[in-house]
Amino acid sequence: SLALAVPPLVWLMIAFFVAFGVVIALLKDVPDIEGDAVFGVRTFSVRAGARRVFAACVAALLAMFVGFAAGLGLLVQSVPAKCFLVCAQLCFAAWIWRSSRAVDADDSPQVYQYYMKVWGLFYLEYLLLPLAMLI
């Protein structure tokens, strides 16, 4: 079966990036809430409110990065790669928390800037994971 042929580390990465994609999609709607409401687009952000969705996205990102760090700590075999990746994920979680505290969820430009930085973090992960496996 396919599930048996795919290593647990790959499943962890798949779960992480799928969840990351969902959070990015939710976060993307927060700065657009005013226009969506005016045009009758009933996004999750319009229905739940910018503050709630932003807070939920930050909480999800924190849980994802801490969980990813734990999973990497268990599944990566190389000790140097394991240390590098776990430390990186925890640093990213700290950055997510710290930088989110400066964002007013009702200020669309601030949320958009945060969203773009989260996108950057998404691409940084794609760079770090293969590089870490070379350590």
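The text that follows walks through the structure, step by step, so that each part is easy to find.

### As for the side chain of Glu-125
- Examined against the element boundaries, Glu-125 turns out to sit in helix H7 (residues 108-132).
- For the buried Glu-125, which has no salt bridge, the nearest side chain bearing the opposite charge is Lys-82, at an N-O separation of 16 Å.
- In this structure the side chain of Glu-125 is engaged in a polar contact, spanning 3.3 Å, whose partner is the side chain of Gln-89.
- With residues near it in sequence (within four places) discarded, Glu-125 still touches Phe-16, Phe-17, Phe-20, Phe-65, Phe-68, Gln-89, Phe-92 and Pro-130.

### Considering helix H2 (residues 8-29)
- Spanning 22 residues, H2 covers 32 Å between terminal C-alpha atoms, matching the ideal 32 Å at 1.5 Å per step.
- Of the positions making up H2, those classed as buried are Leu-9, Leu-12, Met-13, Phe-16, Phe-17, Phe-20, Val-23, Ile-24 and Leu-27. Buried residues in H2, looked at end-on, bunch into an arc of 125°, giving them a common side. Residues Pro-8 and Val-18 are exposed on H2 and point more than 90 degrees away from its buried face.
- Buried residues along H2 sit in contact with helix H5 (50-75), helix H6 (79-100) and H7.

### Considerations on the packing of H5 against H7
- The contact between H5 and H7 brings their axes to 13 Å, and the two run at 15°. Judged on the interaxial angle alone, H7 and H5 are roughly parallel. Note on packing geometry: the crossing formed by H5 with H7 is left-handed. Contact residues: H5 offers Phe-54, Val-58, Leu-61, Phe-65 and Phe-68, while H7 offers Val-111, Tyr-114, Val-118, Leu-121, Glu-125 and Leu-129.
- Tallied by class, residues from the contact of H5 with H7 come to ten nonpolar, no polar and one charged.

### Overview of the nonpolar core
- By size, the foremost hydrophobic cluster in this structure holds 41 residues, and its most contacted members are Phe-20, Phe-54, Leu-61, Phe-65, Leu-72 and Tyr-114.
- Listed by contribution, the elements that provide at least two residues to this core are H2, H5, H6 and H7.
- If you tally residues by element for this core, the top one is H5, at eleven residues.
- What Leu-61 contacts, discounting residues up to four positions off in sequence, is Phe-20, Val-23, Ile-96, Tyr-114 and Val-118.

### So, the side chain of Thr-43
- Mapping Thr-43 onto the fold places it in the loop between helix H3 (33-38) and helix H4 (44-48).
- Since its relative accessible area comes to 12%, Thr-43 is described here as buried.
- Excluding its chain neighbours within four sequence positions, the residues that come into contact with Thr-43 are Asp-29 and Asp-36.

### Points about the environment of Ala-56
- Inspection of the secondary structure assignment puts Ala-56 in helix H5.
- We classify Ala-56 as partly exposed; its relative accessible area is 42%.
- Between the C-alpha atoms of Ala-56 and Gly-35, which are 21 residues apart in sequence, the distance is 21 Å.

Criteria and thresholds
- Residues numbered from 1 in each chain as written.
- Predicted model: local features only at pLDDT ≥ 70, side-chain atom pairs only at ≥ 80, totals over all residues.
- Heavy atoms only, no water.
- Helix = DSSP H or I, 4+ residues; strand = E, 2+ residues; numbered from the N terminus.
- Buried < 20%, exposed > 50% of the residue type's maximum accessible area, 1.4 Å probe, protein only.
- Lys, Arg positive; Asp, Glu negative; His and termini not counted.
- Salt bridge = Lys/Arg side-chain N within 4 Å of Asp/Glu carboxyl O.
- Polar contact = N/O pair within 3.5 Å; in protein donor to acceptor, adjacent residues only side chain to side chain.
- Contact = heavy atoms within 4.5 Å.
- Expected span 1.5 Å × (residues − 1).
- Arc of directions from axis to C-beta.
- Axes fitted to C-alpha atoms, helices over the stretch in contact; angles between N-to-C directions.
- Parallel < 35°, antiparallel > 145°, perpendicular 65-115°, else oblique.
- Left-handed = near helix turned anticlockwise from the far one by under 90°.
- Nonpolar A, V, L, I, M, F, W, Y, C, P; charged D, E, K, R; others polar.
- Core = buried A, V, L, I, M, F, W, Y, C linked by side-chain atoms within 4.5 Å.

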